[in-house]
Amino acid sequence: MLPAAVIALPAMPITGGGKPDKKKLPAPPKSASRMRMEYAAPRDTLESLLAGIWAKLLKVDRVGVSDNFFEIGGHSLLGIQMFAQVEKQTGKRLPIKTLFQSPTIAQLALVIGGEKQPVQSWKNLSAIQPNGSRVPFFCVHGDEANIFVPRHLGEDQPFYGYFHQGEDGHPIAYTSVERIAQHFIQELRSARPHGPYLLGGYSFGGIVAYEMACQLVAAGEQVPLLALFDTYAPEDGLRSATEEEKAYMPIKRWVMRKLVKRYLKRGELLPAKLRHFHIIDTYGKATRAYRAQKYPGAITLIRANGSPGVKDMGWGKLAQDGVEVRAVEGDHYSVIKEPHVRALANELRASIDRAMGSSSAAAL
């Protein structure tokens, strides 16, 4: 029920019949639909450079040093393009997770200038919100959810996020669901050597989180919660993708794969515009090759109302103890962004409480 934008007008345009003339209402500016901090101008050359890059990418008139990249229209794909421009103009190469840890120009400028060093101990894992007394939640490929969900969970809920391989243009080292899960578990154990583990993931990340849970349980660890965000079971996801695929996609995919192979064969970084395709293409191949085993536990599925298919998105046949489905407003893409992400986070918070047996469960 929140308005998308609020615009002040000196007077309401009126039709000849004396009624409001909606056709003459001005279109809201793209930045008006998002909450903005009070504008703070860039204070030095580096901040001015970043403000110019952001404004051009996000198609806004100006960007203040306190504006959050994700709150003014940014997302992971634009973040990749933004960092490519930053590297081109400053010579500084940064992983995409830096943007989630430092999402404003002021914070990012400190990292680029060397005053604030990014955490480099993990390749794909990042401590988005490391503080708090509760058992940490580990989210695989949450994308924009990695920014918004921790805020709504509260400061007492630690939140770790896994980021995609290949976002830096380098070759993707782990290309099967099983190997990605193994690599992520290694980083998981370096952050938290033993369970209980609270796991979740979005889209393909949900499939990886599922395999991580299977491997951890097989190793004797406790996984009280496996929460999947609008994630189809592998077979159902492939079927849905095939049904929705455009007729030209096989040819486009063939051409794009040729380009990717050419760059990687020459030992060159992939251009920013090829990276997203290469990541998604790798995930598609991994999903087709994956043979999911039965999970000896329950699954919590937080799904978007706008996503087609069966209610449990195909997980019922894989979860030994059943699937608890929680539906929230939105579609596959909007469910991890404001305003719908608040409902997703509320459902996740309640699921964590139930899994740990208390709304104030302390970390073990």
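In the block above lies the structure referred to throughout.
All values reported here derive from a predicted model rather than from experimental measurement. The numbers attached to residues start from 1 for each chain and follow its sequence in the written order. With pLDDT at 70 or above as the cut-off, local features in this predicted model cover only qualifying residues; side-chain atom pairs require 80 or more to be listed or tallied, and sums for whole chains, interfaces and linings still use all residues. As a rule here, side-chain values cover all heavy atoms of the structure and leave hydrogens and water aside.

Draft legend 1. Inspection of the overall build of the protein chain at higher detail. Secondary structure elements follow DSSP: runs of H or I no shorter than four residues count as helices, runs of E no shorter than two count as strands, and numbering proceeds from the N terminus. Scanning the protein chain from N- to C-terminus turns up 11 helices and seven strands. The C-alpha radius of gyration of the protein chain comes to 22 Å, within 12% of the 21 Å expected for a compact globule of 364 residues. Here the C-alpha coordinates of the protein chain stretch approximately 70 × 55 × 50 Å along the principal axes. When a residue's accessible area, from a 1.4 Å probe over protein chains only, is under 20% of the maximum for its type it is buried; when over 50% it is exposed; and in between it is partly exposed. Split into buried and exposed, the 364 residues of the protein chain put 46% on the buried side. Contacts between residues were defined by any pair of non-hydrogen atoms, one from each residue, lying within 4.5 Å. Considering only residue pairs separated by 6 or more positions, the protein chain has 70% of its internal contacts joining residues 24 or more positions apart. The Shrake-Rupley method, run with a 1.4 Å probe sphere, supplies the accessible areas, and residue values consider only the shown protein chains as cover. For the protein chain, the accessible surface area stands at approximately 18400 Å², while carbon and sulfur atoms represent 54% of it. Charge assignment in this entry is limited to Lys and Arg as positive and Asp and Glu as negative, and neither His nor the chain termini are counted. A charged residue contributes its charge at one atom only: NZ of Lys, CZ of Arg, CG of Asp or CD of Glu. Looking at charge distribution, the protein chain has the averaged site of its 46 positive side-chain charges lying 6 Å from that of its 35 negative ones. Here the radius of gyration uses the C-alpha set of atoms, whereas the globule reference equals 2.2 Å times the residue count to the power 0.38.

Draft legend 2. Layout of the environment of valine 255. With respect to the helices and strands, the residue valine 255 is situated in helix 9 (residues 249–265). The class for valine 255 is partly exposed, based on a relative accessible area of 37%. Measuring from C-alpha to C-alpha, the distance between valine 255 and leucine 108 comes to 35 Å, with 147 residues separating the pair along the chain.

Draft legend 3. Quick look at unusual backbone geometry. Backbone torsion omega between glycine 195 and proline 196 reads 10°, so that peptide bond is classified as cis. Considering the arrangement of structural elements, one finds proline 196 in the loop between helix 6 (177–191) and strand 4 (198–202). Of note, the amide linkage connecting glutamate 338 to proline 339 takes the cis form, showing an omega dihedral of 5°. One can find proline 339 in the loop between strand 7 (323–328) and helix 11 (341–356). One non-glycine residue, histidine 141, lies in the positive phi region at around 55°.

Draft legend 4. Structural context of the packing of aromatic side chains. For Phe, Tyr and Trp, where Trp contributes only its six-membered ring, two rings pair if their centres lie within 6.5 Å, and the inter-plane angle classes them as stacked under 30 degrees, edge-to-face over 60, or tilted in between. Enumeration according to the criterion identifies 12 aromatic pairs in this entry. Considering the side-chain rings of phenylalanine 69 and phenylalanine 70, the 5.4 Å spacing of their centres and the 85° angle between planes classify their relative orientation as edge-to-face. You'll find phenylalanine 69 and phenylalanine 70 in the same group, each marked buried. On the numbers, 4.9 Å between centres and 20° between planes, the contact of phenylalanine 138 with tyrosine 160 is stacked. On the criterion of sequence distance, the pair formed by phenylalanine 138 in strand 2 (residues 137–140) and tyrosine 160 in strand 3 (residues 159–162) is long-range, its members being 22 residues apart. Put simply, the rings of Trp54, Phe69, Phe70, Phe100 and Phe163 pair up and form one aromatic cluster. In this scheme, the term charge over a ring applies when either NZ of a lysine or CZ of an arginine sits within 6 Å of the ring centre and within 35 degrees of the ring normal. Its end group placed over the ring of tyrosine 263, arginine 266 keeps NZ or CZ at 5.3 Å from the ring centre.

Draft legend 5. The arrangement of the pattern of salt bridges in detail. By convention in these notes, a salt bridge is any Lys or Arg side-chain nitrogen within 4 Å of a carboxyl oxygen on Asp or Glu. Per the counting criterion, the structure on display carries 13 salt bridges. With a closest N to O distance of 2.9 Å, glutamate 221 and arginine 189 form a salt bridge. Taken together, the residues span a long stretch of sequence, with glutamate 221 in the loop between helix 7 (204–218) and strand 5 (225–229) and arginine 189 in helix 6 at a distance of 32 residues. Ionic pairing is found between aspartate 236 and arginine 239, a salt bridge with its closest N-O pair at 3.1 Å. Here the residue aspartate 236 and the residue arginine 239 both occupy positions in helix 8 (residues 234–244), the gap between them amounting to three residues, near one helical turn. You can call aspartate 236 buried: its relative accessible area is 12%. With relative accessibility at 45%, the residue arginine 239 sits in the partly exposed group. In this structure, a network of salt bridges that share partners links the residues Asp236, Arg239 and Lys317.

Draft legend 6. Quick look at the pairing of strand 1 (residues 125–129). The buried fraction of strand 1 is high, at four of five residues. By the convention used here, strands pair only if DSSP detects at least 2 bridges between them. Pairing of strand 1 with strand 3, which is carried by four bridges, proceeds in the antiparallel orientation. Within the sheet, the bridge partner assigned to leucine 125 lies in strand 3 and is tyrosine 162.

Draft legend 7. The arrangement of the packing of helix 6 against helix 7 in detail. Here helix 6 crosses helix 7 at 70°, and the two axes come no closer than 9 Å. Judged by the angle between their axes, helix 6 and helix 7 are roughly perpendicular. Considering the relative orientation of helix 6 and helix 7, their crossing is right-handed. From helix 6, Val177, Glu178, Ile180, Ala181, Gln182, Phe184, Ile185, Leu188 and Arg189 reach across to helix 7, where they touch Phe204, Ile207, Val208, Glu211, Met212, Gln215 and Leu216. The class makeup of the residues in the contact of helix 6 with helix 7 is 11 nonpolar, two polar and three charged. Axis definition: a line fit to C-alpha positions, over the contact stretch in the case of helices; interaxial angles, taken between N-to-C directions, run 0 to 180 degrees. Every angle not falling under 35 degrees, over 145, or within 65 to 115 is termed oblique; those three ranges are roughly parallel, roughly antiparallel and roughly perpendicular. For any helix crossing, the convention is left-handed if the near helix is rotated counterclockwise from the far helix by under a right angle, and right-handed if that rotation is clockwise. Following the grouping adopted for this structure description, the nonpolar residues are Ala, Val, Leu, Ile, Met, Phe, Trp, Tyr, Cys and Pro, the charged ones are Asp, Glu, Lys and Arg, and the polar ones are all others, Gly among them.

Draft legend 8. Fine view of the side chain of glutamate 187. As for its placement among the helices and strands, glutamate 187 is situated in helix 6. Ignoring anything within four residues of it in the chain, the contact list for glutamate 187 reads Trp122, Lys123, Asn124, Leu125 and Tyr162.

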